[in-house]
Amino acid sequence: MNNELKVDGLVTGKIRDPQVFLQVMSMMIRLRERGVFRRVILSAWHDDLAAQATAVAALTQAGVLIVDNGADLPVRSCGNYWEQVKTLQGGLERIEDGVLMFKTRTDMLFYGGDDTVANIVGQNQGFACHAFGIKHRIWIPSFVALQPFFMADQCFMGLAEDFRRFMRFDADIEAQGTEVALYPGSLTHPAAASAEIRFWLQPFLEQFEVLRSYRKVWPLSMNGHPQYPVLQAFQLGAPVFQEYLAVYWSILYEAFRVSEGKFCIVNSIDAQGKVIVRANAHSNNSVEFIADALDLKTPYPVSFSSDIGLKRLIEVGTDSFRLSMYEPAYQRVREFSYTPERIRLFDNYLKQLTAIAYPNHS
């Protein structure tokens, strides 16, 4: 893989606070001037661009490529999934194959500023991938260990053509009328997590038939669910869920790189210049992958901002969890087919899962 690949910086999303937005864009322009990025691209909605016409004109004058995605979508999706894919797609259409893309948001600031982003970009290029149809390892800032495909999507980096494979406007939740509830006390909206899962899952549905049924499963055991500790324990003992995990871990191991993003999602900046933070990036670099993932202190699954623990689990041939769960489950995935026995197994598993998730339902 060529270590001198060009990198474009892409900013997407709604412009919620003009001051935060201008800080984001100023950082991206400075990084372009430092040679970190070849180009800076802003992919946004028409109404937002019109409302910030003066700022957009200045950005255009500064050499930022502006992509107008038209009016907001007329139909809302769960967790704004379609909306996120649409603005990402708009930016990707301006980036040719063979170019790396670092994607961030209009409302996201990095601790450490420009240098943090420059280090992420510099440390995560030149890593060829030869698995699952991915050409270059994709960088992400974190992932949830035991909730397949719950991987951070606030910022990421990889080849443009690799990300084109994720451009699907999946409508499974909307078509089924699946409810993704905001559970009491949840600090993270499960619908937002659903957008992340749907995004990262898409290209692998074609390669692993077993994953298609996962779309019925994950809404029942989302982050913040009041029954989550019980659900996690049940899932880890369920052969069907073990197969989802085995595929997920294999894809992370072979096709992704994980390191801390060191960012915050910002609501606004007050009159004194203080940043009002809505959410922070995860920071968990533990090498104790399974032990840490099982140690639930809240009704939330455990996130990791490093892949060192996952690598150690997969690479250590004597690891008991690998030998007892991961390897047998992945072997079943390779042999998977829709037999009557398999259909009965899944139906029974789904009934048990639903009963745990909704214990008061008849």
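By convention here, each chain's residues receive numbers from 1 onward along its written sequence. Predicted model: local features are reported for residues with pLDDT of at least 70 only, side-chain atom pairs are reported and counted for 80 or more only, and whole-chain, interface and lining totals are derived from all residues. Only hydrogens and water are set aside; all other atoms, that is, all heavy atoms of the structure, feed into the side-chain values.

### Considering the sheet that holds strand 13 (residues 275–280)
Under the convention used in this document: When DSSP finds two or more bridges between two strands, those strands count as paired. In this description a helix means any DSSP run of H or I spanning at least four residues, a strand means any run of E spanning at least two, and both kinds are numbered starting from the N terminus. Here, axes are lines fitted to C-alpha atoms. For helices the fit covers the stretch in contact, and angles between N-to-C directions go from 0 to 180 degrees.
Pairing is antiparallel across the open sheet formed by three strands, whose spatial order is 5-12-13. Each edge of the open sheet is held by one strand with a lone partner, namely strand 5 (108–110) and strand 13. With direction set aside, neighbouring strand axes in the sheet form an average angle of 45°. Bridge analysis of strand 5 against strand 12 (residues 263–269) gives three bridges, and the strand direction is antiparallel. What sits directly across from Met 108, in strand 12, is Ile 265.

### Some details on helix 5 (residues 113–123)
Which entries qualify depends on this criterion: Burial classification: accessible surface area is computed with a 1.4 Å probe over protein chains only, and a residue below 20% of its type maximum counts as buried, one above 50% as exposed, and the rest as partly exposed. Any two residues having at least one pair of non-hydrogen atoms within 4.5 Å are treated as being in contact.
By the burial criterion, the buried members of helix 5 are Asp 114, Thr 116, Val 117, Ala 118, Ile 120 and Val 121. Elements that come into contact with the buried residues of helix 5 comprise strand 1 (7–12), helix 1 (18–33), strand 4 (100–105), strand 5, strand 8 (138–140) and strand 10 (156–159).

### Focus on the environment of Arg 39
Selection criterion: What qualifies as a polar contact is a pair of N or O atoms within 3.5 Å, subject to a donor-acceptor requirement within protein and to the restriction that residues adjacent in sequence count only when both atoms come from side chains.
Position of Arg 39 relative to the elements: it lies in strand 2 (residues 39–44). Between the C-alpha atoms of Arg 39 and Leu 211, which are 172 residues apart in sequence, the distance is 37 Å. If near-sequence neighbours (up to four positions away) are discounted, Arg 39 is found in contact with Val 7, Asp 8, Gly 9, Arg 32, Leu 65, Arg 94, Ile 95 and Glu 96. Within the structure, the side chain of Arg 39 is placed 2.8 Å from the side chain of Asp 8, a separation counted as a polar contact.

### Some details on the packing of helix 1 against helix 5
Under the convention used in this document: If an angle is under 35 degrees, it is roughly parallel; if it is over 145, roughly antiparallel; if it lies from 65 to 115, roughly perpendicular; otherwise it is oblique. Crossings are assigned a handedness: left-handed for a near helix turned anticlockwise from the far helix by less than a right angle, right-handed for a clockwise turn. Residues were grouped as follows: Ala, Val, Leu, Ile, Met, Phe, Trp, Tyr, Cys and Pro as nonpolar; Asp, Glu, Lys and Arg as charged; and all remaining residues, including Gly, as polar.
Packing of helix 1 against helix 5 brings their axes to within 10 Å, and their N-to-C directions diverge by 55°. With respect to each other, helix 1 and helix 5 are oriented oblique. Judged by the twist between their axes, the crossing of helix 1 over helix 5 is right-handed. Side by side, helix 1 and helix 5 meet where Met 27, Arg 30 and Leu 31 of the first sit next to Gly 113, Asp 114, Val 117 and Ala 118 of the second. Across the contact of helix 1 with helix 5, the residue classes tally to four nonpolar, one polar and two charged.

### Observations concerning the packing of aromatic side chains
Here the distance between the centres and the angle between the planes together describe a pair of aromatic rings. Just so we agree on the cut-off: Note on aromatic contacts: the rings of Phe and Tyr and the six-membered ring of Trp form a pair at centre separations within 6.5 Å, being stacked when their planes are under 30 degrees apart, edge-to-face when over 60 apart, and tilted otherwise. Comment: the charge-over-ring label is applied if NZ (Lys) or CZ (Arg) is within 6 Å of the ring centre and within 35 degrees of the ring normal.
Under the definition given, this model contains 31 aromatic pairs. Measuring from centroid to centroid gives 5.0 Å for Phe 336 and Tyr 338, while their planes differ by 80°, and the two rings are edge-to-face. Looking at Tyr 338, the relative accessible area reads 46%, which means it is partly exposed. Above the ring of Phe 127, the side-chain terminus of Arg 257 is found at 3.7 Å from the ring centroid.

### A closer look at the pattern of salt bridges
Note the cut-off: Salt bridge, as used here, is a side-chain nitrogen of Lys or Arg placed within 4 Å of a carboxyl oxygen of Asp or Glu.
The full count for this structure, using the stated rule, is 24 salt bridges. Lys 14 is paired through a salt bridge with Asp 48; the nearest N and O atoms lie 3.4 Å apart. Residue Lys 14 is located in the loop between strand 1 and helix 1, and its partner Asp 48 is located in helix 2 (residues 46–51); the two are separated by 34 residues in the primary sequence. A single salt-bridge network, built from bridges that share partners, covers Asp 8, Arg 38, Arg 39 and Glu 96.

Read these as spatial facts, not as claims about activity.
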